[in-house]
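Okay, here's what each chain looks like letter by letter:
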Amino acid sequence: MNARFQTAWGPAGRRVPLQLTRHLSNFLSNFGEISPKKRLHFRAAFLIIKGTTREEGVPTMRTEQKLNMTMLCDFYELTMGNGYFQTGFQDRMTYFDVFFRDVPDKGGFAICAGLDQLIEYILDLHFDEEDIAYLRSRKLFSEDFLAYLRDFRFTGDIWAIPEGTPIFPQEPVVTVRAPAIQAQLIETFTLLAINHQSLIATKANRIVRAAQGRTVLEFGSRRAQGTDGAITGARAAYIGGCAGTACTISDQLYGVPAGGTMAHAWVQMFDTQYEAFETYCKLYPNNATLLVDTYNTLKSGVPDAIRAFDAVLKPLGIRQCGIRLDSGDIAYLTQKARKMLDDAGWTECQISASNSLDEYIIRDLLIQGARIDMFGVGERMITASSQPVFGGVYKLVAAEDGAGNVVPKIKVSENVDKITNPHFKKVWRIFDKATGKAEADYITVWDETVDENRSLELFDPRATWKRKTYTSFTVKPLQVPIFQGGKLVYERPGLREVQAYCQEQVETLWDEVKRFENPHRYYVDLSQKLWDIKQGLLRQSE
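Attention here is on the structure that accompanies the text.

Cut-offs and rules
- Residues numbered from 1 in each chain as written.
- Predicted model: local features only at pLDDT ≥ 70, side-chain atom pairs only at ≥ 80, totals over all residues.
- Heavy atoms only, no water.
- Helix = DSSP H or I, 4+ residues; strand = E, 2+ residues; numbered from the N terminus.
- Buried < 20%, exposed > 50% of the residue type's maximum accessible area, 1.4 Å probe, protein only.
- Contact = heavy atoms within 4.5 Å.
- Areas by Shrake-Rupley, 256 points an atom, 1.4 Å probe, with all protein chains shown as cover.
- 1 Å grid on protein atoms, 1.4 Å probe; cavity = no way out; pocket = protein on both sides within 12 Å on 5 of 7 lines; lining within 4 Å.
- Points joined across faces, edges and corners; volume = space filled by probe spheres on them.
- Nonpolar A, V, L, I, M, F, W, Y, C, P; charged D, E, K, R; others polar.
- Core = buried A, V, L, I, M, F, W, Y, C linked by side-chain atoms within 4.5 Å.
- Expected span 1.5 Å × (residues − 1).
- Arc of directions from axis to C-beta.
- Pairing = 2+ DSSP bridges.
- Axes fitted to C-alpha atoms, helices over the stretch in contact; angles between N-to-C directions.
- Phe/Tyr/Trp six-rings, centres within 6.5 Å; stacked < 30°, edge-to-face > 60°.
- Lys NZ or Arg CZ within 6 Å of the ring centre and 35° of its normal.

1. Some details on the overall build of the chain
(1) Moving on: Each helix and strand counted, the chain has 18 helices and 21 strands in total.
(2) Moving on: For the chain, the proportion of its 542 residues judged to be buried stands at 50%.
(3) Moving on: Here the analysis covers contacts within the chain between residues at least 6 apart in sequence; of these, 71% occur between residues at least 24 apart.
(4) Moving on: On the chain, roughly 26,100 Å² of surface is accessible, and the fraction owed to carbon and sulfur atoms is 51%.

So, in structure tokens, the structure goes:
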């Protein structure tokens, strides 16, 4: 038996001991009373070990091949698609909303991100012959359905809130109008792209706001949850306000400015710390940031850095330089280091700090008088470790009947927060004319409009007696067309433009909404028409 790993655990060709595969093979042939669920788990493990061999005709994939992201779907999307095809629903137009129920970290708002990766995915939707062969081997799908998948392309419409926009619970972030099979098959990747990057952009924005105008860099690649977590996570962090990243490939792919200087290993490599610093300054005189905490920050680290700056940079007329601390009492050490640098005449020397930082630690450091110009934030940003799940969902909200009429659909639950807002909808942002601040978001049925020249009464859908009338306001539709009839119609902005837009939009929020603890609840209200439709559907469901 050819037993080889073809997984990320090791290079192709690494051999698994033949004895192990024989034991597993014998075990699988003598299951006894093992439950079907456990049987499935053991068989899956065996297939991983067997790698390129075939078990019951199921072809395996070599992971050095480029993955087709169309296959990154939950399996039920395929079984449902086959069911739709065989029951005549494949061409029925459906409407799905992506929305979320809670802001991470109990914050006041989230930041929308991930749309650009969703666009790339939609543009490349297809099934390869290898994908068709795999699906056929599962013996679940009709040949007519497999033939349909062979020519599969997205032909529907998508509307979305642009990246960088502050978003709030229960409002549609992405709306998909497409034939049932198409709309269902893109569920997983749509959620994956929006959930992950919105999570990281939201966390990054909190951290950047805590830094109060000081530079924040994303440092978390080595502790990210997988390669994509590092690469697109750095992109999302940039949208949220970070000035750059340590992740080189994110610069190469997306233009997130990458940078870095040294690790402790550089200092340890030389006979003396001073030699390490002097050498680095000679090599990179215009990018000399020295890591001063390898041994003793105040007794040798900062003094050696000053000596190196004096010996190498001063004769060149270079005043821009920096030191970094990655351990110890950052507040105390930076205060002392700042005085030592200033006394030596290096007032332009910037101090950066890293070491398991987040928005709360940064805020406390600044309250304690830390003298920090730049923060490098790693795992607590790139994994959003305080609440590492965004929680976006993808729900059917309407379908068209044979005459093309939009028929609203609702998901009912004993948990009130999980009852969906039905129908094909629009979402509007209401701004106060005098202040320019965002006051509320307003969700309407797709055929409703908002007249800025007439008063607008909004009510809280959780407590309908809470009402407010706006008379001097402007209104902005939040969603924009992305795909129409399967064609991309959205002009994709550059990443720097997205970051600037994000900063601009966050500034439209009241400070009370931006508090880290107990923020003011920003209202997302329903139009009277939409409210009435929802209540009618709830009564019908009883």
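2. Examining the layout of surface pockets
(1) Moving on: The space that makes up the second largest pocket amounts to roughly 1,100 Å³.
(2) Moving on: Around the second largest pocket, the lining is made up of 44 residues, and of these Phe219, Gly260, Thr261, Met262 and Arg324 lie nearest the centre.
(3) Moving on: Broken down by secondary-structure element, the contributors of at least two residues to the lining of the second largest pocket are strand 6 (215–218), strand 7 (244–245), strand 8 (289–291), strand 9 (322–325), strand 10 (350–353) and strand 11 (374–377).
(4) Moving on: By residue number, the principal contributor to the lining of the second largest pocket is strand 11, which donates four residues.
(5) Moving on: Looking at the lining of the second largest pocket, its residues break down into 18 nonpolar, 21 polar and five charged.

3. Here's the deal with the nonpolar core
(1) Moving on: By size, the foremost hydrophobic cluster in this structure holds 125 residues, and its most contacted members are Leu149, Val176, Phe309, Ile323 and Phe375.
(2) Moving on: With 11 residues, the top contributor of residues to this core is helix 8 (residues 187–210).
(3) Moving on: Excluding residues that lie within four positions of it along the chain, Phe309 makes contacts with Cys281, Ala288, Leu290, Lys314, Cys321, Gly322, Ile323, Trp346 and Cys349.
(4) Moving on: Membership of the second largest hydrophobic core comes to 10 residues, among which are Ile430, Tyr442, Leu458 and Tyr470.

4. Details of helix 3 (residues 75–86)
(1) Moving on: With 12 residues, helix 3 extends 17 Å between its outermost C-alpha atoms, agreeing within 8% with the 16 Å of an ideal straight helix rising 1.5 Å per residue.
(2) Moving on: Within the span of helix 3, buried status applies to Glu77, Leu78, Gly81, Asn82, Tyr84 and Phe85. Down the axis, helix 3 shows its buried residues gathered within 160 degrees of arc, on one side only.
(3) Moving on: Positive backbone phi, at 85 degrees, marks Gly88, one or two positions downstream of helix 3.

5. Some points on the sheet that holds strand 18 (residues 473–477)
(1) Moving on: Strands sit in the order 18-14-15-21 across an open sheet of four strands; the sheet is mixed. At either margin of the open sheet sits one strand with a lone partner, and together these are strand 18 and strand 21 (523–526). For this sheet, the mean angle separating the axes of adjacent strands, direction not counted, is 25 degrees.
(2) Moving on: One ladder, built from four bridges, connects strand 15 (residues 438–445) with strand 21; its direction is parallel. When the bridges of strand 21 are listed, Asp441 appears paired with Val524.

6. Considering the packing of aromatic side chains
(1) Moving on: As enumerated under the stated definition, the model contains 22 aromatic pairs in all.
(2) Moving on: Where Phe424 meets Trp446, the ring centres are 5.9 Å apart and the plane angle is 20 degrees; that geometry is what we call stacked. Of this pair, Phe424 sits in the loop between strand 13 (406–408) and strand 14 (425–432) while Trp446 sits in the loop between strand 15 and strand 16 (456–460); the two residues are 22 residues apart in sequence, bridging distant segments of the chain.
(3) Moving on: Overall, Phe424 belongs to the buried group, its relative accessible area being 12%.
(4) Moving on: Trp446 sits in the partly exposed class, given a relative accessible area of 37%.
(5) Moving on: Between Phe459 and Trp531, the aromatic rings sit 5.7 Å apart at their centres with planes inclined by 85 degrees, giving edge-to-face as the arrangement. Linking Phe459 in strand 16 with Trp531 in helix 18 (residues 528–541), this pair joins segments that are 72 residues apart in sequence.
(6) Moving on: Grouping aromatic residues by their ring pairs yields a cluster made of Phe75, Phe85, Phe127, Phe141, Phe145, Tyr148 and Phe152.
(7) Moving on: Sitting over the ring of Tyr254, Arg235 keeps its end group 5.8 Å from the ring centre.
(8) Moving on: The residue whose ring lies beneath Arg319 is Trp346, and the NZ or CZ to ring-centre distance is 4.2 Å.

Nothing here speaks to function; it is all geometry.
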